[in-house]
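Coordinate inspection notes
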Amino acid sequence: MQDFQFNIISQDDIPEILILSHYLGTRVWNHSDYLEVISSSNMHGLIVKLESKMIAFVIYTVVVDEMEILQIVVHPEYQRHQIGSRIMKFLFESCQEKS
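Residues numbered from 1 in each chain as written. Predicted model: local features only at pLDDT ≥ 70, side-chain atom pairs only at ≥ 80, totals over all residues. Heavy atoms only, no water.

**Concerning the packing of aromatic side chains**
Selection criterion: Two rings from Phe, Tyr or Trp (for Trp, the six-membered ring) form a pair when their centres are within 6.5 Å of each other. A pair whose planes differ by under 30 degrees is stacked, one over 60 is edge-to-face, and the rest are tilted. Going along the chain from the N terminus, every DSSP run of H or I of four or more residues is numbered as a helix, and every run of E of two or more is numbered as a strand. Only protein chains enter the area calculation, which uses a 1.4 Å probe; residues under 20% of their type maximum are buried, those over 50% are exposed, and those in between are partly exposed.
If you walk through the whole model with that rule in mind, you get three aromatic pairs. The interplanar angle of 0° and the centroid separation of 4.2 Å between the aromatic rings of Phe 6 and Phe 90 together place this pair among those described as stacked. Here Phe 6 is found in strand S1 (residues 4-8), whereas its partner Phe 90 is found in helix H3 (residues 83-98), with 84 residues between them in sequence. A relative accessible area of 30% places Phe 90 in the partly exposed class. Look at Trp 29 and Tyr 34: their rings are 5.2 Å apart centre to centre, the planes differ by 40°, and that puts the pair in the tilted class. Across this residue pair, the class does not change: Trp 29 and Tyr 34 are buried. Each member of the aromatic cluster is reached from another via a ring pair, and the members are Trp 29, Tyr 34 and Phe 57.

**Remarks on the environment of Cys 95**
Considering the arrangement of structural elements, one finds Cys 95 in helix H3. In sequence terms Cys 95 and Glu 66 are 29 residues apart; their C-alpha atoms lie 9.1 Å from each other.

**Quick word on the sheet that holds strand S4 (residues 66-74)**
Convention followed: At least two DSSP bridges between two strands are needed for those strands to be called paired. Fitted lines through C-alpha atoms serve as axes, helices being fitted only where they are in contact, and the angles separating the N-to-C directions of these axes extend from 0 to 180 degrees. Whether two residues touch is decided by their heavy atoms; if any such pair falls within 4.5 Å, the residues are in contact.
Pairing is antiparallel in the open sheet, where four strands are placed in the order S1-S2-S3-S4. The strands lining the two open edges of the sheet, one partner per strand, are S1 and S4. When strand polarity is set aside, the average angle formed by the axes of neighbouring strands in this sheet is 20°. With eight bridges joining them, strand S2 (residues 43-50) and strand S3 (residues 53-63) adopt antiparallel strand pairing. Looking at S3, one finds that Leu 46 is bridged to Val 58. The sheet contacts of helix H1 (residues 14-21) involve S2, S3 and S4, and relative to S3 the element is tilted by about 90°. Its contacts with the sheet place helix H2 (residues 31-39) against S2, S3 and S4, and it is angled at close to 105° to S2.

**Some words on H1**
Applicable threshold: Comment: arc refers to directions from the helix axis out to C-beta atoms.
Of all the residues in H1, the buried ones are Ile 14, Ile 17, Leu 20 and Ser 21. One side of H1 holds all its buried residues, which, seen down the axis, span an arc of 120°. Elements in contact with the buried residues of H1: H2, S2, S3 and S4.

**Here's the deal with the layout of surface pockets**
The criterion, for reference: For cavity detection a 1 Å grid was placed over the protein atoms alone, and a set of points counts as a cavity when a 1.4 Å probe fits there but cannot get out; an open set counts as a pocket when protein lies on both sides within 12 Å along at least five of seven lines, with lining residues being those that have an atom within 4 Å of a point. Grid points are joined across faces, edges and corners, and a volume is the space filled by probe spheres set on the points. Classes in brief: Ala, Val, Leu, Ile, Met, Phe, Trp, Tyr, Cys and Pro nonpolar; Asp, Glu, Lys and Arg charged; the others, Gly included, polar.
If you add up the space inside the second largest pocket, you get close to 210 Å³. What lines the second largest pocket is a set of 14 residues, among which Ile 8, His 44, Gly 45, Leu 46 and Tyr 60 lie closest to the centre. Residue classes in the lining of the second largest pocket are distributed as nine nonpolar, four polar and one charged.

Below, the structure written as structure tokens:
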């Protein structure tokens, strides 16, 4: 199984996120929207890297004991490889540790 890195979104990641976000097929967020994620206290973002390539990201909110996924994108070349499932597992485990 491949070893993925999960990292908190930084401002430097936004250009790659903007490219990946086009795979959503719906309204695409802009640079300012992703900057808001970085500065928000209840919105969060993670990127997923394989080696040095960003292959996925997730944007989510946490309010009290509830999490809402706002965006989750996996690059088409890496879909059907359980990456989305691994993202969800990582998020659930992180939330359980904090509660």
